[in-house]
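# Understanding the architecture of this molecule
One-letter residues, chain by chain:
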Amino acid sequence: MEIIKAQHVNFYYGSFHALKDISMEIEEKSVVAFIGPSGCGKSTFLRLFNRMNDLIPKTRLEGQILINGQDIYGKNIQVDQLRKEVGMVFQRPNPFPKSIYENVAYGLKVNGIKNQDVIEERVVESLKGAALWDEVKDKLKKSAYALSGGQQQRLCIARAMAVSPQILLMDEPASALDPISTAKIEELIRELKKQVTIVIVTHNMQQASRVSDKTAFFYMGEMVEYGRTKDIFTNPEKEATQNYITGRFG
Amino acid sequence: MSTLSFPENNSRRKTLNQKIAFACCFALSLCVVLVLASILLFIIIKGIRVINWDFITQAPADGMTGGGIFPAIIGTLCLMAGSAIVSFPVGIMSGIYMNEYATNGKLVRFIRMMTNNLSGIPSIVFGLFGMAIFVNYLDFGDSIIAGSLTLGLLSLPVIIRTTEEALKDIPDSMREGSRALGATQLQTIWNVILPMAVPRVITGLILSMGRVSGETAPILFTCAAYFLPQLPSSIFDQCMALPYHLYVLATSGTDLEKQQPIAYGTALVLIIIVLIINLAANGIRKYFANKVKTN
Amino acid sequence: MKKILEQSVKYLFTASGFITSFIILLIIFFLFSEGAGLFRNHIIDDGYVVALNKSNPVNTLSANQIKEIFDEDITNWQEAGGEDEPIQVFRLSDLLSIYSEEELGSEYEHAGSKIKETILQNEGIIAFVPKSLLTDTEGIKTMPDQTIPVKDVLAGTEWFPTATPSPLFGILPLLAGTLWVSFFAILIALPFGLCVSIYMSEIASEKVRNVLKPVIELLNGIPSVVYGFFGLIVIVPFLQQLFNLPVGESGLAGSLVLAIMALPTIVTVAEDAMRNCPRSMREASLALGANKWQTIYKVVIPYSISGITSGIVLGIGRAVGETMAVLMVTGNAAVMPTSILEPLRTIPATIAAELGEAPTGEAHYQSLFLLGVILFFITLFINLSVEYISSRKR
């Protein structure tokens, strides 16, 4: 059952043609990795799923993106509702200058939940879900900036998961972290897969092969190849893919 | 995992809140713009009727109920020039010291703090200080030199800060490149660093002149003359000045009917000076920004 | 040769580097040395003496009491700590109404003894006469020659620097006036300043911003006399009509003008701070389903709060130190302010209005320098708090 469906997507920054006729389907509760060299459009494509590119002026989209069969760029779509369903984790950990607790509670509060008990229960669950609970349970009221980089990123994952989204977008979530923190994040991704569909952009091909079910390779604004991760890494169909995964460019 | 239920109407409520908040921000901003525009328009419309060639080139006549404001314009120009002589070299050197020579971070922070403090001191305190030191202690009397010195000190912080910021934005690779070729520190500053910083430094200098042209409190007791039909002949003479002239016309006038138009004209001349100065500063900024790009 | 040049230039630059610190030291020194001189003055004008009849139990009178007695606000010794006895005020000029010119002598050589006679005859008298005329003080009590007490200045509620025989230098009405006007100015400017900065940094399109920004900068550069002039011509009559006041020059007029003048400062600094809030913060908030407004007040404003506070405090600093505009529109009545609709007077306005009249080196002149010292410390405190607030930035 596919949850995301992109049909003939073209995207422009001003006159620059950033994404060229991309169509793909992503299945529910799977992990899909987007790989490709810098500037290939993989992050741009990811940010279309929660309409984050709306914030950039002078951009233009052609084609359709359907989530649960609904055109998310359609007329009666409320962007904040969409973003509640499609969470996002960014390249660099970006916790708010608030306490750990407040960071996780933020999404619940802005989406109208007022009952403190519900919020507290949910914060604890999310922190546990992000494998962070044991490390922070005694300092929930401390600033989030007191945490290490890896902890901050897991806090951001907990924050995104707190509103129980259907899809979680991850934009190179481990690129700013050390290897041990990276391993923890990858572990977490495998765990979260049971609850949400995950789309992850990564530079790191080992990471893609470790965590994802399917992989899409992007190059110069085009989606060159999309298939089961095992196939892409062992037996790619296109030469460009072959060159990239064997490290001939990138 | 517990199931979460979000309130149904939340999105609509949020949108409504946002609409109200944005409308408030827009309305208050509009208010501010309207008030400010009305101040400017009011003075421009009332003042433009008075301003003509005679107004600018004639001395006040008939007990300041007629004539022009020529001596006040000249006086203000004298004060600007005088304070520039005082503040430009010292201010620029001070900025250079802070960014190029001072090595102790704590010391730089201290100097910067002192500079900020100096810029926060009210202009009337500068007036008191100028009176105590230049007029009385150094015995210059009420004179252009005393006024210029006072105004010069007042405008120092702006110059120091813009110079320092201009220098700070020049990458260290420029300095290293020049030093690696055997240039001394002074040669590096003079031939490489300063030319690159010039546009922003000049912008700072111009803006400091804008402040000097409009200050009244510092010259009340150090320089400004109530009425002086002839032009000053030396730096130890008093002079008239536009802002003080406006103050006098507005508050201690003898004939409101005839003096108010002159006051509007004087106010408009002051605004025009500020406008020219701002445009010049922006122009220089843009001109050099383009020049750097095309290089 | 080159080396000498290099070294001397270096020393020159170093000297310039310390110029601001040096100026601040000089300001402190000159203001203090003049201002502190006030406390070396006597409460009674130099060369004069205040004398009572010996039978009067009152031994000391404060400057305030002397002023009230000579203004005939106090008419009975009971109110000054003495017995129930009406006060008879006697000035040198009264001598001529009591004695004929013959009695005083052609050169007024008998004036001294006649004054003494008058004092001895009246139990309730208080005389303010030149010291030189009252050489023989038998049976006469002269008020002790005390210097102006610090307490009477710093806690005094009356500012009458030109009163005779004893001027009053109570700074409280001026201090209260300054704080009162600035407080209302910020109260008015704050909502506008915040909304404009939010609008400029978060809501307005780039085009609108490119127009607004230079306009705000221009307003920052307009001289304060021009604002004062506008206030005098437009705001003062408007307020007079609106609230049906006897005079339009009032604290509120000052606050309005100051609010307009403080706005550019607040907006420039606060807007800058908000624009410095990184995009990643905004994106994190939006990605969680917050809308733009929620992002602004829950993330952007808390993130840039130290910058916004700095802007507000700088605005306060500008309001407190502003001289000319306030001088022109507040009516300058040196009384303790009770309502914002009444005339009042600020410290800077007092200095500007009175320094021209005050003879150099005398008590009045020195008292104005003392006001300068106080103003200096208020603004120093404000500047240091700005430093402190902005140093707490992450």
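This is a predicted model, so every value here is computed, not measured.

Looking now at the overall build of chain C. A count of helical and extended segments in chain C gives 17 helices and six strands. For chain C, the C-alpha radius of gyration of 29 Å lies well beyond 21 Å, the compact-globule estimate for 394 residues. Seen through its principal axes, chain C has C-alpha atoms that stretch 100 × 75 × 35 Å. Counting over 394 residues, chain C shows a buried share of 49%. Restricting to contacts in chain C with at least 6 residues of sequence separation, those with at least 24 account for 70%.

The next subject is the overall build of chain A. For chain A, the count of helices and strands is ten helices and ten strands. Here the C-alpha atoms of chain A give a radius of gyration of 18 Å, agreeing with the 18 Å that 2.2 N^0.38 yields for 250 residues. With the principal axes as the frame, chain A shows a C-alpha extent of 55 × 45 × 35 Å. Out of the 250 residues in chain A, the part that is buried amounts to 47%. Once local pairs closer than 6 in sequence are excluded, the contacts in chain A between residues at least 24 apart make up 69%.

Residue and element names in this part refer to chain C. Tracing the backbone shows Thr330 in the loop between helix H15 (324–329) and helix H16 (347–354). The exposure class assigned to Thr330 is buried, which follows from the 30 C-beta atoms found within 10 Å. Distance from Thr330 to Ala349, taken between C-alpha atoms, is 9.1 Å for residues 19 residues apart in sequence. Thr330 has contacts with Val181, Glu249, Ser250, Gly251, Ala253, Gly254, Pro343, Leu344, Arg345, Thr346 and Ala349, leaving out every residue within four places of it along the chain.

Time to look at the environment of Phe230 of chain C. Along the chain, the position of Phe230 of chain C falls in helix H10 (residues 224–242). The exposure class of Phe230 of chain C is buried, given the 24 C-beta atoms found within 10 Å. Put simply, Phe230 of chain C and Val386 of chain C are 156 residues apart on the chain and 30 Å apart in space, counted from C-alpha to C-alpha. Leaving out residues up to four positions away in the same chain, Phe230 of chain C has contacts with Ile39, Phe42 and Ile43 of chain B.

Moving on: the interface of chain B and chain C. Contacts between the two partners involve 70 residues from chain B and, on the opposite side, 67 residues from chain C. Taken together, the elements giving at least two residues each to the side of chain B that touches chain C come down to helix H1 (10–48), helix H3 (70–101), helix H4 (105–120), helix H5 (123–137), helix H6 (144–168), helix H8 (185–214), helix H9 (242–251) and helix H10 (256–294) of chain B. A per-element tally of the side of chain B that touches chain C places H1 of chain B first, with 18 residues. Split by residue class, the side of chain B that touches chain C holds 51 nonpolar, 18 polar and one charged.

Domain boundaries in chain C define domain 1 (48–147) and domain 2 (172–391). Placing the centre of domain 1 of chain C and that of domain 2 of chain C at their C-alpha centroids yields a distance of 50 Å.

Residues and elements named next belong to chain A. With five of its five residues buried, strand S8 (residues 197–201) lies for the most part within the structure. Side chains of S8 alternate between two faces, with Thr197, Val199 and Val201 and Ile198 and Ile200 buried alike. By the bridge criterion, four bridges tie strand S3 (residues 31–35) to S8 in an arrangement that is parallel. Residue Val32 lies in a different strand from S8, and its bridge partner there is Val199. Summarising the sheet, strand S7 (residues 167–171) and S8 pair through five bridges and their orientation is parallel. What sits directly across from Leu169, in S8, is Val199. The handedness of the S7 to S8 crossover, carried by helix H7 (residues 179–192), is right-handed.

Another aspect to go through is the interface of chain A and chain C. On the side of chain C, 16 residues touch chain A, which itself brings 21 residues to the contact. Within the residue set of the side of chain A that touches chain C, elements represented by two or more residues are helix H2 (79–85), strand S6 (86–89), helix H3 (100–110) and helix H6 (149–161) of chain A. Tallying contributions element by element places H2 of chain A first for the side of chain A that touches chain C, with four residues. For the side of chain A that touches chain C, the residue count by class is ten nonpolar, six polar and five charged.

Within a sheet, adjacent strands bond to each other through the backbone by hydrogen bonds, running parallel or antiparallel. Residue and element names in this part refer to chain A. A sheet is described by the order of its strands in space; here six strands give the open sequence S6-S7-S8-S3-S9-S10, paired in mixed fashion. At either end of the open sheet lies a strand with only one pairing partner, and these are S6 and strand S10 (222–228). Strand-to-strand twist across the sheet, computed as the mean angle between neighbouring axes with direction ignored, equals 15 degrees. Along the sheet, H6 makes contact with S6 and S7, crossing S6 at roughly 170 degrees.

All names here are of chain A. With antiparallel pairing, four strands are arranged side by side in an open sheet as S2-S1-S4-S5. Of all the strands in the sheet, the pair left with one neighbour each is strand S2 (16–27) and strand S5 (70–71). Pairing of strand S1 (residues 2–13) with S2, which is carried by eight bridges, proceeds in the antiparallel orientation. Paired with Tyr13 across the two strands is Phe16, which belongs to S2.

A few words on helix H11 (residues 251–275) of chain C. An ideal rise of 1.5 Å per residue puts 36 Å on 25 residues; H11 of chain C measures up with 35 Å between its terminal C-alpha atoms. The largest bend in H11 of chain C is about 35 degrees, located at Ala262 of chain C, with the proline Pro264 of chain C one to four residues further on.

Of all residues except glycine, most have a negative phi; of all peptide bonds, most are trans. All names here are of chain A. Positioned with a positive phi, Asp21 is a non-glycine residue whose angle comes to about 45 degrees. Since 14 C-beta atoms lie within 10 Å of it, Asp21 is described here as partly exposed. Within the chain, Lys29 stands out as a residue other than glycine whose phi angle is a positive 55 degrees. For Lys29, the position within the fold is in the loop between S2 and S3. In this structure Lys29 comes out as partly exposed when scored by C-beta crowding, with 15 C-beta atoms within 10 Å.

Okay, the packing of helix H14 (residues 305–321) of chain C against helix H17 (residues 363–391) of chain C next. All names here are of chain C. Axis separation between H14 and H17 bottoms out at 9 Å; the angle between their running directions is 170 degrees. When the axes of H14 and H17 are compared, the pair comes out roughly antiparallel. Residues Ser306, Thr309, Ser310, Val313, Leu314, Ile316, Gly317, Val320 and Gly321 of H14 pack against Leu375, Ile378, Thr379, Ile382, Asn383, Ser385, Val386, Ile389 and Ser390 of H17. The class makeup of the residues in the contact of H14 with H17 is nine nonpolar, nine polar and no charged.

Cut-offs and rules
The numbers attached to residues start from 1 for each chain and follow its sequence in the written order. Think of it this way: whatever chain is written first is A, whatever ligand is written first is 1, and the rest follow in order. Only residues with pLDDT of 70 or above have their local features reported here, since the model is predicted, and side-chain atom pairs are shown and tallied only from 80 upward, although totals for entire chains, interfaces and linings are computed over all residues. Runs of E in the DSSP output that reach at least two residues are strands. Runs of H or I that reach at least four are helices, and both are numbered from the N terminus. Radius of gyration: over C-alpha atoms. The globule rule applied is 2.2 Å multiplied by the number of residues raised to the 0.38 power. In this scheme the burial state of a residue depends on its C-beta neighbours within 10 Å: 20 or more other such atoms mean buried, 12 or fewer mean exposed, and anything in between means partly exposed; the C-beta positions come from the backbone. Whether two residues are in contact depends on their C-beta atoms, placed from the backbone: they are in contact if these lie within 7 Å. Three classes are used, and their members are as follows: Ala, Val, Leu, Ile, Met, Phe, Trp, Tyr, Cys and Pro are nonpolar, Asp, Glu, Lys and Arg are charged, and the others, Gly among them, are polar. The split of the chain into domains comes from an automatic or database domain assignment. For two strands to be treated as a pair, DSSP must find no fewer than two bridges joining them. When the strands point away from the viewer, a crossover counts as right-handed if the route from the first strand across the helix to the second turns clockwise. Angular values range over 0 to 180 degrees, each being the angle between N-to-C directions of two axes fitted as lines to C-alpha atoms, with helices fitted over their stretch in contact. To estimate the expected span of a helix, count its residues, drop one, and scale the result by 1.5 Å. Bend at a residue means the angle formed by two fitted axes: the first through the 7 residues ending at that position, the second through the 7 residues beginning there. Roughly parallel refers to an angle under 35 degrees, roughly antiparallel to one over 145, roughly perpendicular to one between 65 and 115, and oblique to any angle outside these ranges.

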